[in-house]
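Examining the three-dimensional arrangement
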Amino acid sequence: MSEPVVTEGDLAEMAEQVWVSYLDPEGVSPLVPHGDVKQVSEVHSTVSITGSWHGHLVYASSQNAARKAAAAFLAMEPDEVAQEDISDVLGELANIVGGNVKAMLPAGCFLSLPTVVLAPDTASYYPAAERISGLYGIWDGEPVSISMWQSVKQEASA
C-alpha cells in the first residue's frame, strides 16, 4: 500500500476541531490518543469515498462514548438521549470528518451518506479495504477511533 493520503496527524487535527466545536467546547475532556489499534468498539459510523480515490472513513466508539457524544452534540443530558439520537450524531460525526478528509484527497472524490451500525466491531469490517491510518484514543474514559481504509482494488488498477 502506498503512503496514506490522510495521516494519523491529519486525523488528530480533524478530531481536535470536532471536539472543540461540538463535543468538548470548554476543553474539559479532550480525546487523548494512545495508539491501540485493537481497542474494542461497540458502534460505528462510516462514510465511503469514491471517484479518484476509493475507501472509507470509520468513526467508532463504545456505546457510552456514543451516548456522551450525542448528548454533547445535541445539548442534552446523557439519560435523555435516545438510540435514534445516537445514530444521527454518529452519522453526522462521520460526515463532518469525512468532508474534511475529502478536501485533502485528489479532485474528483465523492462522499456517501453515512452508514451507522450500533453493534460490536465484529459487525463492521471491510474485506476489500486495508486500514491505512487511524487515530485511536480515550475520551472521558471511553474508547474512540477514527480510521481510514483504502480499497485494495484501487492499487491494483492504479
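Refer to the structure above for everything that follows.
1. With respect to the overall build of the chain
A count of helices and strands for the chain gives 4 helices and 7 strands. Written out in order from the N terminus, the α and β elements of the chain read α-β-β-β-α-α-β-β-β-β-α. Here the C-alpha atoms of the chain give a radius of gyration of 15 Å, agreeing with the 15 Å that 2.2 N^0.38 yields for 158 residues. Taking all 158 residues of the chain together, 43% fall into the buried category. Relative to all contacts within the chain whose residues are 6 or more apart in sequence, the contacts with residues 24 or more apart total 68%. Computing the positive centroid from 6 side-chain charges and the negative centroid from 21, the chain places the two 9 Å apart.

2. A few points about the packing of aromatic side chains
A full pass over the atoms with the stated rule returns 2 aromatic pairs. With 5.0 Å between their ring centres and 25 degrees between their planes, Tyr-22 and Phe-73 make a pair best called stacked. On the criterion of sequence distance, the pair formed by Tyr-22 in helix H1 (residues 8–23) and Phe-73 in helix H2 (residues 63–74) is long-range, its members being 51 residues apart.

3. Topic: the pattern of salt bridges
A complete count under the given rule lists 1 salt bridge for this structure. Between Asp-140 and Lys-68 there is a salt bridge, with the nearest N and O atoms lying 3.1 Å from each other. One end of the pair, Asp-140, is in the loop between strand E6 (129–139) and strand E7 (142–151); the other, Lys-68, is in helix H2, and 72 residues separate them in sequence.

4. Quick word on the nonpolar core
Counting 36 residues, the largest nonpolar core has Leu-11, Trp-19, Leu-57, Tyr-59 and Val-101 as its most contacted members. Among the elements of the structure, H1, strand E2 (43–51), strand E3 (55–61), H2, helix H3 (83–104), E6 and E7 are those that each provide at least two residues to this core. The element contributing the most residues to this core is H3, with 8 residues. Not counting the four nearest positions on each side in its chain, Leu-11 is found in contact with Val-6, Leu-57, Val-101, Ser-133, Gly-134, Leu-135, Ile-146, Ser-147 and Met-148.

5. Here's the deal with the side chain of Ser-45
Among the structural elements, Ser-45 can be located in strand E2. Given the relative accessible area of 0%, Ser-45 is considered buried. Within the structure, the side chain of Ser-45 is placed 2.8 Å from the backbone oxygen of Leu-90, a separation counted as a polar contact.

Here is what the cut-offs are and how they apply
- Residues numbered from 1 in each chain as written.
- Predicted model: local features only at pLDDT ≥ 70, side-chain atom pairs only at ≥ 80, totals over all residues.
- Heavy atoms only, no water.
- Helix = DSSP H or I, 4+ residues; strand = E, 2+ residues; numbered from the N terminus.
- Rg over C-alpha atoms; globule rule 2.2 N^0.38 Å.
- Buried < 20%, exposed > 50% of the residue type's maximum accessible area, 1.4 Å probe, protein only.
- Contact = heavy atoms within 4.5 Å.
- Lys, Arg positive; Asp, Glu negative; His and termini not counted.
- Charge placed at Lys NZ, Arg CZ, Asp CG, Glu CD.
- Phe/Tyr/Trp six-rings, centres within 6.5 Å; stacked < 30°, edge-to-face > 60°.
- Salt bridge = Lys/Arg side-chain N within 4 Å of Asp/Glu carboxyl O.
- Core = buried A, V, L, I, M, F, W, Y, C linked by side-chain atoms within 4.5 Å.
- Polar contact = N/O pair within 3.5 Å; in protein donor to acceptor, adjacent residues only side chain to side chain.

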